Amino acid sequence: MNIAIVPPVSHFDLYGRDAPECGTCEGSGQSSYLHGPYETTRECPDCYGTGRFARCPSCLDGTTWETGDTCPTCDGYTSLH
Ligand SMILES: [Zn+2]
Ligand SMILES: [Zn+2]
């Protein structure tokens, strides 16, 4: 199993509680997909395998990669975990 690369700022650090369960993987941290005849699992792309996912509140204000901004809250990941 690979070590997950996650945003450096956690939801818990900001709010004192964990981020909500990730809806994409239903909290498992893994998403499954069909690879030919086999079903394979890989790290969930939304929550980086943490099983938790929340949109970064600062990025909702319009901070995006396109403007060249690096969000001070999430360091450009646009999400918290
Ligand atoms: Zn997930
Ligand atoms: Zn952000």
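A brief report on the enclosed structure follows. (Residues numbered from 1 in each chain as written. Chains lettered and ligands numbered in written order. Predicted model: local features only at pLDDT ≥ 70, side-chain atom pairs only at ≥ 80, totals over all residues.)

1. Here we look at the overall build of the protein chain
For clarity, the cut-off: A run of DSSP states H or I qualifies as a helix once it reaches four residues; a run of E qualifies as a strand once it reaches two. Both are numbered from the N-terminal end. Working definition of burial: number of other C-beta atoms within 10 Å of the residue's own, with buried at 20 or more, exposed at 12 or fewer, and partly exposed in between, all C-beta atoms being placed from the backbone. Once C-beta atoms are placed from the backbone, any two residues with those atoms within 7 Å are in contact.
Each helix and strand in the protein chain was counted, giving 1 helix and 4 strands. Across the 81 residues that make up the protein chain, the buried fraction comes to 19%. In the protein chain, of all internal contacts separated by at least 6 residues, the share reaching a separation of at least 24 is 52%.

2. Brief notes about the nonpolar core
Our working rule: Note on terminology: a nonpolar core is a set of buried residues of type Ala, Val, Leu, Ile, Met, Phe, Trp, Tyr or Cys, with members joined through C-beta atoms within 7 Å.
Counting 9 residues, the largest nonpolar core is built from A19, C22, C25, C44, C47, F53, C56, C74 and L80. The residues contacting A19, other than those within four sequence positions of it, are H11, R52, F53, A54, L80 and H81.

3. Re the pairing of strand β1 (residues 30-35)
The condition is simple: A strand pair is defined by DSSP finding two or more bridges across the two strands.
Within β1, only 0 of the 6 residues are buried, which leaves the element largely exposed. Relative to strand β2 (residues 38-43), β1 runs antiparallel, the two sharing 6 bridges. Across the sheet, S32 pairs through a bridge with T41, a residue of β2.

4. Side note on unusual backbone geometry
The phi angle at E26 is positive, at roughly 55°, despite the residue not being glycine. Among the structural elements, E26 can be located in the loop between α1 (11-15) and β1. For T78, which is not glycine, the phi dihedral falls at a positive 70°. Here T78 is to be found in the loop between β3 (54-55) and β4 (79-80).

5. Notes on the environment of L14
With respect to the secondary-structure elements, L14 resides in helix α1. For L14, a count of 16 C-beta atoms within 10 Å puts it in the partly exposed group. Placed 66 residues apart in sequence, L14 and L80 show a C-alpha to C-alpha distance of 9.3 Å. The contacts of L14, once residues within four sequence positions are left out, are V9 and L80.

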